[in-house]
Amino acid sequence: MKNMLIAGNWKMNTNVFESQKLVEYILGFMKTNDNLKSRVLVCPPFTSVYAIGQIVKNSELLLGAQNCYFEEKGAFTGEISIPMLEYCGVSHIIIGHSERRSYFKEDDELINKKLLAILEHHLTPILCIGETLDERNQGKTFDVLKNQLDKDLSGVSKEQIDRIVVAYEPVWAIGTGISATREQVVEAHNFLRQLLIDKFGENANSVYILYGGSLSEKNADEILSIENVNGGLIGGASLKGDSFCSIIQTAEKYVV
Ligand code: 13P
């Protein structure tokens, strides 16, 4: 039994109307299944963040953002600051997602700046890390994960570590319908837990380590039952209310 966080990353999907419909479905589920012990988070696109913040503000449903900039304000056309998100009711911010690393060329130095800024504002960063298929085939998975964690968590103290959520998202499993196998997830999450403990001490035992990559209602039980998996960061399946809620129900079997 363990802590669980079920998080939906809606990516560049849903307009404001569609976001509201989806959140109302999830809230309806949460009302009929009150006393959920798993934490539930949705990360809509920026254009929906304020509207969703208004809907969820008196509920248990948490609101997240998919990105941010590290500066508070100024001449940074197109960027969104952490205080702006905080004002909308955001508690969690995804950073380092592989789509941002590859399509938008975000490097570990930038991701680290974002992470430290999020901590400074007392919000929770969800740091995504993961290897590509080439890196896995070359036997570099653990080196890649260690390198990303070392760089992205640079400057984080032992006292701060349990305010960070880590999401292991093998790049080759994202949006492909092919999730990592149970053995691959066990191995990666055990490795990450040990790495965090070695670096940050016992506080790292309470860090949420999420799995992401083609997680669905079909494989949720197999993956969420793994000891060092504290929930999921879900893309495609989080856009369908019934699939997302079914994953929450599965998480309830393993939550403390
Ligand atoms: P999918 O669940 O669509 O594979 O996406 C996972 C992901 O990237 C979550 O951040």
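Details of the structure are given in the entry above.
As the structure is a computational prediction, the values presented were derived from the model and not from experiment. (Residues numbered from 1 in each chain as written. Predicted model: local features only at pLDDT ≥ 70, side-chain atom pairs only at ≥ 80, totals over all residues. Heavy atoms only, no water.)

(A) Here's a closer look at the overall build of the protein chain. Scanning the protein chain for helices and strands turns up ten helices and eight strands. For 256 residues, the compact-globule estimate of 2.2 N^0.38 gives 18 Å, and the protein chain sits close to it at 17 Å. Projected onto the principal axes, the alpha-carbon positions of the protein chain cover approximately 45 × 45 × 35 Å. Looking at the 256 residues of the protein chain, the share that counts as buried comes to 54%. For the protein chain, long-range pairs separated by at least 24 residues make up 72% of all intrachain contacts whose partners lie at least 6 apart in sequence. Split by element, the accessible area of the protein chain, about 11,800 Å² in all, is 50% carbon and sulfur. Within the protein chain, one finds 25 positive and 33 negative side-chain charges whose respective centroids are separated by 2 Å. (Helix = DSSP H or I, 4+ residues; strand = E, 2+ residues; numbered from the N terminus. Rg over C-alpha atoms; globule rule 2.2 N^0.38 Å. Buried < 20%, exposed > 50% of the residue type's maximum accessible area, 1.4 Å probe, protein only. Contact = heavy atoms within 4.5 Å. Areas by Shrake-Rupley, 256 points an atom, 1.4 Å probe, with all protein chains shown as cover. Lys, Arg positive; Asp, Glu negative; His and termini not counted. Charge placed at Lys NZ, Arg CZ, Asp CG, Glu CD.)

(B) Examining the packing of helix H7 (residues 141-152) against helix H8 (residues 182-200) more closely. Look at H7 against H8: their axes get within 11 Å of each other, and the N-to-C directions meet at 40°. One way to sum up the angle between H7 and H8 is to call them oblique. Judged by the sense of rotation from one axis to the other, the crossing of H7 with H8 is right-handed. Of the residues in H8, those touching H7 at Phe142, Leu145, Lys146, Leu149 and Asp150 are Glu187, Ala188, Phe191, Leu192, Leu195, Leu196 and Lys199. (Axes fitted to C-alpha atoms, helices over the stretch in contact; angles between N-to-C directions. Parallel < 35°, antiparallel > 145°, perpendicular 65-115°, else oblique. Left-handed = near helix turned anticlockwise from the far one by under 90°.)

(C) Region of the structure containing the packing of aromatic side chains. Counted by the stated rule, this structure contains five aromatic pairs. Between the aromatic rings of tyrosine 69 and phenylalanine 70, the centroid separation amounts to 4.5 Å while the plane-to-plane angle is 35°, which identifies the pairing as tilted. The burial state of tyrosine 69 is the same as that of phenylalanine 70; both residues are buried. Three or more aromatic residues joined by ring pairs form one cluster here, namely Tyr69, Phe70 and Phe76. (Phe/Tyr/Trp six-rings, centres within 6.5 Å; stacked < 30°, edge-to-face > 60°.)

(D) Seen up close, the layout of surface pockets. In this structure, the largest pocket occupies an estimated 390 Å³ of space. The wall of the largest pocket is formed by 14 residues, among which Lys11, Met12, Gln66, Arg100 and Phe104 lie closest to the centre. Ranked by the residues each element gives to the lining of the largest pocket, the list is headed by helix H4 (residues 98-103), at three residues. For the lining of the largest pocket, the residue count by class is seven nonpolar, four polar and three charged. (1 Å grid on protein atoms, 1.4 Å probe; cavity = no way out; pocket = protein on both sides within 12 Å on 5 of 7 lines; lining within 4 Å. Points joined across faces, edges and corners; volume = space filled by probe spheres on them. Nonpolar A, V, L, I, M, F, W, Y, C, P; charged D, E, K, R; others polar.)

(E) Representation of the nonpolar core within the structure. If you look at the biggest cluster of nonpolar residues, it comprises 71 residues, and the most contacted ones within it are Ile26, Ile93, Leu153, Leu196 and Leu224. No other element matches H8, which puts seven residues into this core. Once residues within four sequence positions are removed from consideration, isoleucine 26 is found in contact with Trp10, Val40, Val42, Leu61, Phe244 and Cys245. In terms of nonpolar packing, the next biggest core, distinct from the first, is built from 13 residues, Leu5, Cys43, Ile94 and Ala167 among them. (Core = buried A, V, L, I, M, F, W, Y, C linked by side-chain atoms within 4.5 Å.)

(F) A look at unusual backbone geometry. Positive phi is not limited to glycine here, since histidine 122 has a value of about 60°. By the element assignment, histidine 122 lies in the loop between helix H5 (108-120) and strand S5 (124-129). Residue serine 214 is not a glycine yet carries a positive backbone phi of 55°. Among the secondary structure elements, serine 214 is positioned in the loop between strand S7 (208-211) and helix H9 (220-224).

(G) How the structure looks around the pattern of salt bridges. Under the counting rule described, the total for this entry stands at nine salt bridges. Between glutamate 106 and lysine 114 there is a salt bridge; the shortest N-O distance is 3.0 Å. You can call lysine 114 buried: its relative accessible area is 2%. Between aspartate 221 and lysine 253 there is a salt bridge; the shortest N-O distance is 2.6 Å. Linking aspartate 221 in helix H9 with lysine 253 in the segment after helix H10 (241-252), this pair joins segments that are 32 residues apart in sequence. For aspartate 221, a relative accessible area of 29% translates into the label partly exposed. Shared partners join several salt bridges into a network, and the residues in it are Arg100, Glu106 and Lys114. (Salt bridge = Lys/Arg side-chain N within 4 Å of Asp/Glu carboxyl O.)

(H) Looking closely at the pairing of strand S4 (residues 92-95). A two-sided burial pattern is seen for S4, the buried positions comprising His92 and Ile94 on one face and Ile93 and Ile95 on the other. Inspection of the sheet shows strand S3 (residues 62-65) paired to S4 by two bridges, in the parallel sense. Bridge pairing in S4 links glycine 64 to histidine 92. For S4 and S5, the ladder comprises four bridges, and the chain directions are parallel. (Pairing = 2+ DSSP bridges.)

By themselves, these observations are geometric and do not establish any function.
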